[in-house]
Amino acid sequence: MAQLFHPSANAIAKVTIFGGAFIVAGLVWAAAELYRSPYVTRAGDPISQPVPFSHKHHVSDDGIDCRYCHTSVENSSFAGLPPTKTCMNCHSILWLDSPMLEPVRKSFQTGEPIHWTRVNYVPQFVFFNHSIHVNKGVGCTTCHGPVGEMPLTWQAETLHMRWCLGCHEHPEKFVRPVGEVFNPDWKPPADQLDRGRKLVEQNHIQKLNDCYTCHR
Amino acid sequence: MRLNPDNFGARLVRLAAFMAAAVLLSGCDLQDMYRQPKTEPYMSSPVFADGTSARPLEADTVARGHLRTNEVFYTGKLNGKEVDALPFPVTKAVLLRGQGRFDIFCSPCHDRAGNGNGMIVQRGYRRPPPYHTPQMRAMALGHFFDVISNGFGVMPDYAAQIPVEDRWAIAAYVRTLQFSQYAPLADVPAGERQKLKEAAK
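Residues numbered from 1 in each chain as written. Chains lettered and ligands numbered in written order. Predicted model: local features only at pLDDT ≥ 70, side-chain atom pairs only at ≥ 80, totals over all residues. Heavy atoms only, no water.

Caption draft 1: Representation of the overall build of chain A in the model. Helix and strand counts for chain A stand at 11 helices and 0 strands. A compact globule built from 216 residues would reach a C-alpha radius of gyration of about 17 Å, whereas chain A, at 25 Å, exceeds it by more than 25%. Each principal axis of the C-alpha atoms in chain A carries an extent, and together these give about 95 × 50 × 35 Å. Buried positions account for 33% of the 216 residues belonging to chain A. Taking the contacts inside chain A whose residues are at least 6 apart along the sequence as the reference set, 67% of them involve residues at least 24 apart. In the structure as shown, chain A presents an accessible area of about 13700 Å², 64% of it carried by carbon and sulfur atoms. (Helix = DSSP H or I, 4+ residues; strand = E, 2+ residues; numbered from the N terminus. Rg over C-alpha atoms; globule rule 2.2 N^0.38 Å. Buried < 20%, exposed > 50% of the residue type's maximum accessible area, 1.4 Å probe, protein only. Contact = heavy atoms within 4.5 Å. Areas by Shrake-Rupley, 256 points an atom, 1.4 Å probe, with all protein chains shown as cover.)

Caption draft 2: Layout of the domain arrangement of chain A. Residues and elements named next belong to chain A. Taken as a whole, chain A is organised into domain 1 (11–41), domain 2 (55–81 + 118–213) and domain 3 (83–115). Relative placement of domain 2 and domain 3: their C-alpha centres are 29 Å apart. The partner domain 3 presents 4 residues to the 4 residues of domain 2 that form the contact. Counting the surface lost from both domain 2 and domain 3, the interface buries some 280 Å², and carbon and sulfur atoms represent 50% of this. (Domains from an automatic or database assignment. Buried area = accessible area lost by both parts, 1.4 Å probe.)

Caption draft 3: Structural context of the interface of chain B and chain A. On the side of chain A, 24 residues touch chain B, which itself brings 28 residues to the contact. Buried surface at the junction of chain B and chain A, both sides included, amounts to about 2500 Å², of which 60% is carbon and sulfur. On the surface where chain B and chain A come into contact, there are 3 salt bridges. For the salt bridge of Arg123 of chain B with Asp62 of chain A, the shortest nitrogen-to-oxygen distance reads 2.6 Å. Where chain B packs against chain A, one counts 10 residue pairs in polar contact (both at pLDDT 80 or more). By residue class, the composition of the side of chain B that touches chain A is 15 nonpolar, 5 polar and 8 charged. (Salt bridge = Lys/Arg side-chain N within 4 Å of Asp/Glu carboxyl O. Polar contact = N/O pair within 3.5 Å; in protein donor to acceptor, adjacent residues only side chain to side chain. Nonpolar A, V, L, I, M, F, W, Y, C, P; charged D, E, K, R; others polar.)

Caption draft 4: Highlighting unusual backbone geometry. All names here are of chain A. For Trp95, which is not a glycine, the phi torsion comes out positive at approximately 55 degrees. Relative to the helices and strands, Trp95 resides in the loop between α5 (84–91) and α6 (102–110). A relative accessible area of 56% places Trp95 in the exposed class. Within the chain, Leu159 stands out as a residue other than glycine whose phi angle is a positive 60 degrees. Residue classification places Leu159 among the buried residues on the basis of a relative accessible area of 16%.

Caption draft 5: Representation of the confidence of the model for chain B in the model. Residues at a pLDDT of 70 or more form 88% of chain B, whose mean pLDDT is 86. Among the prediction metrics, the complex's ipTM stands at 0.81, with pTM recorded as 0.89. (pLDDT = per-residue confidence, 0-100.)

Caption draft 6: Quick look at the side chain of Arg67 of chain A. Checked against the element boundaries, Arg67 of chain A lands in helix α4 (residues 66–69). A polar side-chain atom of Arg67 of chain A sits 3.2 Å from a polar atom in the side chain of Glu74 of chain A. Not counting residues up to four positions away in its chain, the partners in contact with Arg67 of chain A are Val73, Glu74 and Phe182 of chain A together with Arg101, Ile104 and Phe105 of chain B.

Caption draft 7: Geometry of the environment of Ile170 of chain B. Residues and elements named next belong to chain B. With respect to the helices and strands, Ile170 occurs in helix α8 (residues 164–181). Between the alpha carbons of Ile170 and Pro128 there is a distance of 17 Å; along the sequence they are 42 residues apart. Non-local contacts of Ile170, meaning those with residues more than four positions away in its chain, are made with Gly98, Arg101, Phe102, Cys106, Ile148 and Ile162.

Caption draft 8: How the structure looks around the packing of aromatic side chains. Counted under the stated rule, the structure contains 8 aromatic pairs over all chains. Here Phe145 of chain B and Trp168 of chain B contribute two aromatic rings whose centre-to-centre distance is 4.3 Å and whose plane-to-plane angle is 20 degrees, an arrangement assigned as stacked. Taken together, the residues Phe145 of chain B in helix α7 (residues 141–150) and Trp168 of chain B in helix α8 connect sequence positions 23 residues apart. Taking relative accessible area as the criterion, Phe145 of chain B reaches 0% and is therefore assigned buried. Ring pairs connect the aromatic residues Tyr68 of chain A together with Phe105 and Tyr158 of chain B, which therefore count as one cluster. Just above the ring of Phe48 of chain B sits the side chain of Arg55 of chain B; from NZ or CZ to the centre is 3.8 Å. (Phe/Tyr/Trp six-rings, centres within 6.5 Å; stacked < 30°, edge-to-face > 60°. Lys NZ or Arg CZ within 6 Å of the ring centre and 35° of its normal.)

Caption draft 9: Summary view of the state of the cysteines. Residue and element names in this part refer to chain A. One pass over the full model with this rule turns up 0 disulfides over all chains. Lacking any disulfide linkage, Cys66 is separated from the closest cysteine sulfur, that of Cys140, by 4.2 Å. Given the relative accessible area of 22%, Cys66 is considered partly exposed. The thiol sulfur of Cys214 is not disulfide-bonded, and the nearest other cysteine sulfur, from Cys164, lies at 6.0 Å. (Disulfide = S-S within 2.5 Å.)

Caption draft 10: Main features of helix α3 (residues 92–105) of chain B. When the terminal C-alpha atoms of α3 of chain B are compared, their 20 Å separation across 14 residues agrees well with the 20 Å that a helix rising 1.5 Å per residue should span. Turning to α3 of chain B, the residues buried within the fold contact α4 of chain A together with α4 (107–110) and α8 of chain B. (Expected span 1.5 Å × (residues − 1).)

Caption draft 11: Seen up close, the environment of Arg137 of chain B. All names here are of chain B. By the element assignment, Arg137 lies in helix α6 (residues 134–137). Looking at Arg137, the relative accessible area reads 32%, which means it is partly exposed. C-alpha separation for the pair Arg137 and Gln36, spaced 101 residues apart in sequence, amounts to 56 Å. What Arg137 contacts, discounting residues up to four positions off in sequence, is Tyr131, His132, Arg175, Gln178 and Tyr182. Within polar-contact distance, the side chain of Arg137 engages the backbone oxygen of Gln178 at 3.4 Å.

Caption draft 12: Representation of the packing of α3 of chain B against α8 of chain B in the model. Residues and elements named next belong to chain B. Closest axis-to-axis distance for the α3/α8 pair is 7 Å, and the angle between their directions is 90 degrees. Taken together, the axes of α3 and α8 are roughly perpendicular relative to one another. Residues Val94, Leu95, Arg97, Gly98, Gln99, Arg101 and Phe102 of α3 pack against Asp166, Ala169, Ile170, Ala172, Tyr173, Val174, Thr176 and Leu177 of α8. (Axes fitted to C-alpha atoms, helices over the stretch in contact; angles between N-to-C directions. Parallel < 35°, antiparallel > 145°, perpendicular 65-115°, else oblique.)

Structure (C-alpha cells):
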C-alpha cells in the first residue's frame, strides 16, 4: 500500500501541534493583558460628569485641601463626596452666572443631589477602607494618581487584587510621612526604600496579605 | 492497568461537562457577588423619588445619642449669651487640631494668618475682615463657634463639614492667631529676645 503521508508530514504535524499550543498560550496571555489593560479597567479614561468638575482648578490652582470636600476620608471607610451645599459655599458668589454650574444651582434649589458618575470602584465582595490607609501614611495620589492635574477625574490604577497585594506585601515602597498624605504634589524621594522601611517600623505597618483582610 | 477506551472516552466527556458547568456556575456566582443586593454609601436607589439610598432624617426626630442637651457645647451660648471659654480644657493637642482644621476649612478665604486674603478671595470672593482688628479681638470664643455653626453675613456655615468638637478647636486657634499678632516681648523666652530685636532693625 502506498504511503498516505510523506515522512515530512511528521514535521508539519509537530509544528502544527506545538504551534497550536503557542497560539493558545498567546491568546491566554493576550486576554490576561487585555483584562489588566486600561481598555477594560478604564484606568486613565477621564469620566464625563454632569458638572465638569476640575480637581486641577480646585486643588492645584486654588489650593483647596482634599478634606474640605471629602470630609470623611480620615475616619471612615468611605472618602465621601461633597453635598451641593459645599459647592455653594463658594459658588453662591463665584461664577454665579456660569452655565457650567447650572446643575449645581438647580440641585441646590430642588434638593435633588447631583448624580456623579463613579470613577473608582472595587467589586462588592472586596472590603476596602480609606481611614486605615490614610492614617498609616498611604497618600491619596499613590492610589488615585495625580488628582491635582485632572481636569476631569480618571481612575489611575487597575484596582485589581494583584495591585493591592503589590503594596500590602511591600508597603515600604509606597508609604510616606503621615503629614504628606494629602499633599497632591508629593513625589517619592530617591531613597524611598530606606525611608519607607523606617516609616513601616515607626508607624507599625503590618504586611496584611491574608485573604480575610479584604474578603470578609 | 489498561484503560478501557470506551470507558475513558465517557469519563472524559463527563469531566468536560462537569468543568464546563463549574466554570459557568462560578461565573454566575461571581456576577452576583460583584453587585450584591445591598447599598453602599452614595449609591443611587430606584426606591425613593430623589434617587438616593441614604435617607435624610425625618422632621422633628432625634437619632439615638444625638440629643443636644448641653447648651454651651452645642450653641456656644449660656442662657442666650455667648460664652468666652471653651467647654473643655484647652491643651496643645486641641490647638494643633484647631490649626489643622483651620487650614483646611478657613484658610481658603481667611488665609493662614487670618488676614482675610486667602486664595478664594484672590479669585474674587468677598474679602472678610482681618481677625486682628480691635472689634474682632474683643469677640467671645462662643461667637467664633456660632459663626462656624450658622455662618455670618455672606460667609457660609460649616455645620455639615465640621463636627462640633472641631469647631471649638478652631475657635481656640483663631484666638491663638490673634494673640500671635500682638505678643508682647515679655512673652518671648529671654534667650530669644536679642535675636528678635536684631531682626527688627
